[in-house]
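Letter by letter, the chains look like this.
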Amino acid sequence: MSKNLLIELGLEELPAYVVTPSEQQLGERLATFFKDNRLSFEDIKTFSTPRRLAARVTGLADQQTDLTEDFKGPAKKIALDEEGNYTKAAQGFVRGKGLTTDDIEFREVKGVEYLYVTKNEAGKLAEEVLVDIPQVLNQMTFPVNMHWAKNSFEYIRPVHTLTVLLDDKALEMEFLDIQSGRVSRGHRFLGQETEIASATSYEDNLRAQFVIADAKEREDMIVEQIKAIEAAENVQVEIDPDLLNEVLNLVEYPTAFMGAFDAKYLEIPEEVLVTSMKNHQRYFVVRDQDGNLKPNFISVRNGNDQHIENVVKGNEKVLVARLEDGEFFWREDQKLKIEDLVAKLADVTFHEKIGSLAEHMERSGVIAKYLTEKADLSAEESKAVARAAQIYKFDLLTGMVGEFDELQGLMGEKYALLAGEDAAVATAIREHYLPSSADGALPETKVGAVLALSDKLDTLLSFFTVGLIPSGSNDPYALRRATAGIVRILDAFGWEMPLDELINDLYALSFDSLSYDNKADVMSFIRARVDKMMDKAIPKDIRTAVLDSTNYVVSEQLAASSAIFQKSKEAGYKEAVESLSRVFNLAEKAEGKTVDASLFENAPEKALHEAVAALEMNHDMLANVEALFGLAPVITDFFDNTMVMADDEALKANRLAILKTLADKASYVAIFNQLNSK
């Protein structure tokens, strides 16, 4: 008979960004726990609020499945001595399995008899297994942990309650000095402690205490309330998914409301208003039906609608203080001159081991000039890149960016336009920060893309030069993101700049402020980012074979990995890979590539030479792979009729030269003997 299990961990308020991943992690760890312990179940539903993580397991078996497991021991000749008695090896083996020699039997495997024992273990009752639930909670990982009181242990936040119910029975266990029971906490201000009657009454028991435990239900409530305000006020509300997720993880009982601010603040750039509302106050932005920003905002209260008017006034007061700052900085910053701000960058540290921001910009400017030529920019675009590289960090010294650092680049663009800079220069100042996240938007202009590449390349090379190299998950200077941006931009703009050539050229540059070092580590780091860009479905052997090729053009590496993966699903893949692998293996023994046709002894030898001579690799990776795989019959015929490692040194060298030529050409796509053909 199946049962329902409820597990709830009550904590102090969790950081909003931790709540959803932790809820998912709890469900995954419980699923693994039940699988490992042979307890079947129908479903696991997870719950979360800022003050709790919970899960309900439905259809949980009341007993483990029985376990029958065979163990293979030593060969019979080792298990028995000359008199036919069990040796110490046999006795020790069965004793280690908790059995006796009476349980031994011998079975023949490929003509050899081996000792076998079969262990039968009756399944335990579910309650006996569930005593280990605290271990599951203890194994959970978080971005940060903390100590509290005088305890030696640590967790994401102090733990207050642990509820574990099997149907309506409370199970006794302990976690971090907390004894389990059936008591849960209601809303911090509107509710109180309550007893959970059973695993299935969880949501209703908490709802009575103003807690909506189901995150999806809370999200739906927020969205429905916002939609109701939209309809009543004839406005549009931007429901940003990330902001919505953050807000629902800040409240346990949501009530949305609309506030207002003075329309005079609409004269401030929209980016400042939106940043103040979304990033600083977690407010949703309100627009009219034409998409114009309105002097309103939507916020979500953690509670009901009682005395909501006081809550509205309080939120309006807080927002106005932020808008006053924005208005002041907008007005004052326009009095500054770009050239004066740029000059002051010499006194701003980029990093204490690397130098100033001015020195960073100088190096980036040299790289930008190099890339301008490589990217074949027009004269007008090249001029814009040069100008942008001279000033692109100036807005870091403005009051607005000092107060709202999320606006760096955005305000640079606006201030540059106000100062009369060319539009392409202003756009590049904004775009050089892109992408701002792993999957973020890329620059749209060539000028912006070149400036972004220049800035990120100097950042990468500078930090590696002074030994500030990311290790494990530690990446305080976001070098992985910067490098991912480099390879994504090269791919998106179709710039066929081989990464090895690009990095070699940059290391050849000379600067007064810094000399680049650690080139091998830089190349390895970039390679890892290209690997991450490849389709996750592509097996590791294909990705590695492509990354080890002689082709370092990002777009072509990505295309090659996809092409080989596509062919791996088709008939003939195994044979083609095996034939090319054999070519690569033997080519390693070659000492040259000069082929003497007068030494050919058979038609297959001549046919392969002619096929290889006609083979040309181009930028179409799928066509290249198809051409190489199309050679499989010719290669097979060659090996079937030709002794490559002939006693005659001249014949051997000639045949190896054919294979070497083919391997060198194929290496443009991948190192084929690294592919798994099984």
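Because the structure is predicted, anything quoted here is derived from the model rather than measured.

Section: the sheet that holds strand 7 (residues 159–166)
Pairing in this open sheet of 5 strands is antiparallel, and the strands run 2-3-1-7-8 from one edge to the other. Of all the strands in the sheet, just strand 2 (43–49) and strand 8 (169–170) have a single pairing partner and so form its edges. Sheet topology note: the strand 7/strand 8 ladder contains 2 bridges and is antiparallel. Among the inter-strand pairings, L166 is bridged to a residue of strand 8, identified as K169. The strands that helix 1 (residues 16–36) touches are strand 1 (3–11), strand 2 and strand 3 (52–60); relative to strand 2, the one it contacts most, it runs at about 150 degrees.

Quick look at the nonpolar core
One finds W495, I564, L628, V669 and F672 to be the most contacted residues of the largest nonpolar core, which totals 128 residues. With 11 residues, helix 17 (residues 446–465) is the largest single contributor of residues to this core. In contact with F672, other than residues within four places in its own chain, are I564, V577, L580, S581, F584, L628, F629 and A666. Counting residues in hydrophobic clusters, the runner-up holds 39 residues, among them L39, L130, M140 and F153.

Some words on the pattern of salt bridges
Within this structure, the stated rule accounts for 42 salt bridges. The shortest N-O distance in the salt bridge between E8 and R52 comes to 3.1 Å. With a gap of 44 residues between them, E8 in strand 1 and R52 in strand 3 connect regions that are remote in the sequence. Summarising the burial analysis for this pair, E8 and R52 share the class buried. Close ionic contact of R38 with E121 constitutes a salt bridge, the shortest N to O distance being 3.9 Å. Residue R38 is located in the loop between helix 1 and strand 2, and its partner E121 is located in strand 6 (residues 112–121); the two are separated by 83 residues in the primary sequence. Linked by salt bridges that have partners in common, E8, E12, E13, R51, R52, R188 and E252 make up one network.

Describing unusual backbone geometry
Glycine aside, residues mostly have negative phi, and peptide bonds are mostly found in the trans state. In the segment running from L434 into P435, the intervening peptide bond is cis, with an omega of -5 degrees. Within the secondary structure, P435 sits in the loop between helix 16 (423–431) and helix 17. In this structure, K110 takes a positive phi of about 50 degrees despite not being glycine. Tracing the chain through its elements places K110 in the loop between strand 5 (104–109) and strand 6. Positive phi, normally seen in glycine, also occurs at F210, with a value near 60 degrees. Looking at the secondary structure, you find F210 in the loop between helix 6 (202–207) and helix 7 (215–233). F210 gets classed as partly exposed once you look at its relative accessible area, which sits at 26%.

Considering the side chain of R218
On the secondary structure map, R218 appears in helix 7. We note that R218 is buried and unpaired, the nearest opposite charge coming from E23 at a distance of 6.4 Å. Of note is the side chain of R218, whose polar atom sits 2.7 Å from the backbone oxygen of I212. Setting aside residues up to four positions removed in sequence, R218 forms contacts with S48, T49, I212, A213, L248, N249, V251, E252 and P254.

Topic: the pairing of strand 16 (residues 293–302)
Taking burial as the measure, the 10 residues of strand 16 include 7 buried ones, the bulk of the element. Across 7 bridges, strand 14 (residues 254–260) lies against strand 16 in antiparallel orientation. Residue pairing for strand 16: P254 is matched across the bridge by N302. Examined bridge by bridge, strand 15 (residues 284–287) and strand 16 share 3 bridges and lie antiparallel to one another. Note that in strand 16 the partner of V285 across the bridge is F297. Where strand 15 folds back on strand 16, the antiparallel hairpin that results is connected by 5 residues, among which G291 adopts a positive phi of roughly 90 degrees.

Structural notes on the domain arrangement of the protein chain
Domain annotation of the protein chain identifies domain 1 (2–63 + 125–208), domain 2 (67–121), domain 3 (217–333), domain 4 (339–533) and domain 5 (543–674). The straight-line distance from the C-alpha centre of domain 1 to that of domain 5 is 58 Å.

Topic: the packing of aromatic side chains
In the structure shown here, the tally under the stated rule is 20 aromatic pairs. Ring centres 5.7 Å apart and planes at 20 degrees place the aromatic pair W330 and Y415 in the stacked group. Placement of W330 in helix 10 (residues 308–333) and of Y415 in helix 15 (residues 410–418) is noted, with a sequence separation of 85 residues between them. With a centroid separation of 5.7 Å and an interplanar angle of 65 degrees, the aromatic rings of F350 and F463 are classed as edge-to-face. Residue F350 is found in strand 17 (residues 349–351), and its partner F463 is found in helix 17; the two are separated by 113 residues along the sequence. Given a relative accessible area of 22%, F350 falls into the partly exposed group.

Observations concerning the pairing of strand 6
Two elements, strand 4 (residues 67–75) and strand 6, share 7 bridges in a ladder whose sense is antiparallel. What sits directly across from T68, in strand 6, is N120. Relative to strand 6, strand 5 is paired through 6 bridges, and the arrangement is antiparallel. Following the sheet pairing, E105 is matched in strand 6 by Y116.

Quick word on helix 18 (residues 479–492)
Between the first and last C-alpha of helix 18 there are 20 Å, a value that for 14 residues agrees with the 20 Å anticipated at 1.5 Å per step. Summarising burial for helix 18: 10 of the 14 residues are buried, a large majority. Those residues of helix 18 that sit buried are L479, A482, T483, A484, G485, I486, V487, R488, I489 and L490. Where helix 18 is buried, its residues contact helix 17, helix 19 (499–507), helix 20 (519–533) and helix 22 (554–568).

Focus on the sheet that holds strand 6
Pairing is antiparallel across the open sheet formed by 3 strands, whose spatial order is 4-6-5. Of all strands in the sheet, those bounded by a partner on one side alone are strand 4 and strand 5. Within the sheet, the average angular offset between the axes of one strand and its neighbour, ignoring direction, is 40 degrees. In this fold helix 3 (residues 88–96) packs onto strand 4, strand 5 and strand 6, with an angle of close to 25 degrees to the strand it touches most, strand 6.

Considering helix 7
Under the 1.5 Å per step criterion, the end-to-end length of helix 7 is 27 Å for 19 residues, consistent within 8% with the ideal 27 Å. Three or more residues of helix 7 are buried, namely A215, R218, M221, I222, I226, I229 and E230. Its side-chain oxygen at 3.0 Å from the backbone nitrogen of K216, D214 defines the N-terminal cap of helix 7. Phi turns positive, to about 55 degrees, at N234, one or two residues after helix 7.

Conventions we followed
Residues numbered from 1 in each chain as written. Predicted model: local features only at pLDDT ≥ 70, side-chain atom pairs only at ≥ 80, totals over all residues. Heavy atoms only, no water. Pairing = 2+ DSSP bridges. Helix = DSSP H or I, 4+ residues; strand = E, 2+ residues; numbered from the N terminus. Contact = heavy atoms within 4.5 Å. Axes fitted to C-alpha atoms, helices over the stretch in contact; angles between N-to-C directions. Core = buried A, V, L, I, M, F, W, Y, C linked by side-chain atoms within 4.5 Å. Buried < 20%, exposed > 50% of the residue type's maximum accessible area, 1.4 Å probe, protein only. Salt bridge = Lys/Arg side-chain N within 4 Å of Asp/Glu carboxyl O. Lys, Arg positive; Asp, Glu negative; His and termini not counted. Polar contact = N/O pair within 3.5 Å; in protein donor to acceptor, adjacent residues only side chain to side chain. Domains from an automatic or database assignment. Phe/Tyr/Trp six-rings, centres within 6.5 Å; stacked < 30°, edge-to-face > 60°. Expected span 1.5 Å × (residues − 1).

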